[in-house]
Amino acid sequence: KLVGEAFFDVVRDTLHPFIVTAGEVEVRVLGTSFNVQAFPFEEGMTVAVASGSVRVEKKNQEQEHQTSQLEPLEMVKVNHATGAFEKSNFDPEELLAWKDGILVFHQAPFEEIVHKLERWYGVDFIVRRKRPITNGFTGRYKNPSLELVLEGMSFSSDFDFTIQGKQ
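Let me sum up the structure you'll find in this document. Computed from a prediction, not measured in an experiment: that's the story for all the values here. (Residues numbered from 1 in each chain as written. Predicted model: local features only at pLDDT ≥ 70, side-chain atom pairs only at ≥ 80, totals over all residues. Heavy atoms only, no water.)

1. Quick notes on the packing of helix 2 (residues 110-121) against helix 3 (residues 146-157)
For any two helices packed against each other, the geometry is given by the interaxial angle and the distance between the axes. Filter applied, for reference: Throughout, an axis means a line fitted to C-alpha atoms (over the contacting stretch in the case of helices), and angles, computed between N-to-C directions, take values from 0 to 180 degrees. Put simply, DSSP H or I for four residues or longer makes a helix, DSSP E for two residues or longer makes a strand, and each gets a number counted from the N terminus. By the definition adopted for this analysis, an angle is roughly parallel if under 35 degrees, roughly antiparallel if over 145, roughly perpendicular if from 65 to 115, and oblique otherwise. Here, two residues are considered to be in contact whenever any of their heavy atoms come within 4.5 Å of each other. Ten residue types, Ala, Val, Leu, Ile, Met, Phe, Trp, Tyr, Cys and Pro, are classed as nonpolar, four, Asp, Glu, Lys and Arg, as charged, and the remainder, Gly among them, as polar.
At a minimum axis separation of 12 Å, helix 2 and helix 3 run at an interaxial angle of 170°. Classed by the angle they form, the pair helix 2 and helix 3 counts as roughly antiparallel. Contact residues: Phe110, Ile113, Leu117 and Tyr121 in helix 2; Leu146, Val149, Leu150 and Met153 in helix 3. Classifying every residue of the contact of helix 2 with helix 3 by side-chain character gives 8 nonpolar, no polar and no charged.

2. Side note on the sheet that holds strand 7 (residues 65-70)
The test is simple: Whether two strands pair depends on DSSP finding at least two bridges between them.
Read across the sheet, 4 strands follow the order 2-3-6-7 without closing on themselves; strand pairing throughout is antiparallel. Each edge of the open sheet carries a strand with a single partner, namely strand 2 (18-22) and strand 7. Neighbour-to-neighbour, the strand axes of the sheet open up by a mean angle of 15°, direction not taken into account. Strand direction decides the pairing type here: strand 3 (residues 25-29) and strand 6 (residues 54-59), joined by 5 bridges, are antiparallel. Among the inter-strand pairings, Val29 is bridged to a residue of strand 6, identified as Val54.

3. Overview of the nonpolar core
Note the threshold: To define a nonpolar core, start from buried Ala, Val, Leu, Ile, Met, Phe, Trp, Tyr and Cys residues and group those joined through side-chain atoms within 4.5 Å. Each residue is assigned to one of three classes by its accessible area relative to the maximum for its type, calculated with a 1.4 Å probe on protein chains only: buried under 20%, partly exposed between the two thresholds, exposed over 50%.
Counting residues in each nonpolar core, the largest one holds 21 residues, and the members touching the most others are Val27, Phe34, Val36, Met45, Val47, Val54 and Val56. Taken together, the elements giving at least two residues each to this core come down to strand 1 (4-10), strand 2, strand 3, strand 4 (32-38), strand 5 (44-51), strand 6 and strand 8 (74-79). In this structure, Val54 is in contact with Val27, Arg28, Val29, Thr32, Phe34, Val47, Val49, Ser68, Gln69 and Leu70, ignoring residues within four places of it in sequence. Core analysis: the second largest hydrophobic core is formed by 17 residues, Leu103, Tyr121, Phe137 and Leu150 among them.

4. Re the sheet that holds strand 9 (residues 85-89)
Here 5 strands make up an open sheet; going across it, the order is 1-4-5-8-9 and the pairing antiparallel. Both edges of this open sheet fall to strand 1 and strand 9, since each of them pairs with a single strand only. On average, each strand axis in the sheet is tilted by 15° relative to the strand beside it, whichever way the strands run. Across 7 bridges, the pairing between strand 1 and strand 4 is antiparallel. The partner of Val10 across the bridge, within strand 4, is Thr32.

5. As for the pairing of strand 11 (residues 137-142)
Burial along strand 11 is one-sided: the face carrying Phe137, Gly139 and Tyr141 is buried and the face carrying Thr138, Arg140 and Lys142 is not. Relative to strand 11, strand 10 (residues 102-108) runs antiparallel, the two being bridged by 5 bridges. Paired with Phe105 across the strands is Gly139, a residue of strand 11.

So, to be careful, I would describe these as geometric facts and stop short of saying anything about function.
As structure tokens, then:
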């Protein structure tokens, strides 16, 4: 059972399938490497396959099932409210770099960055800007401090910041 985000590298064993359960979603594998992102209180979750293949299945209270078979560099986003599966390809550096301590943004909107930084550092942002930041931000950081990331962003997006404890 998973709450949060984890990367799995599973050795093939046909007699003992490996199953990850995140809420109503079950990921079943026999030998693969994949990422599951299932944070509580978020509208959806993702499963992304780095190698091998997995089957993603969602069961709801009415016992209706939705399934999706994923191959390398494919991912599925599962919307908890609607039950919809959205299958697509993904950039492994952008989605899987976190496991190596690398924070990656590619033309990311400010709101997405704030959300990711809040999870990464366990902080809360209070934004007091009158003008919205509309340009996307691209950056790559290896084991960065929060201050370093915000300094880089502030140069290109023209804002000031203060870090006080967890805010």
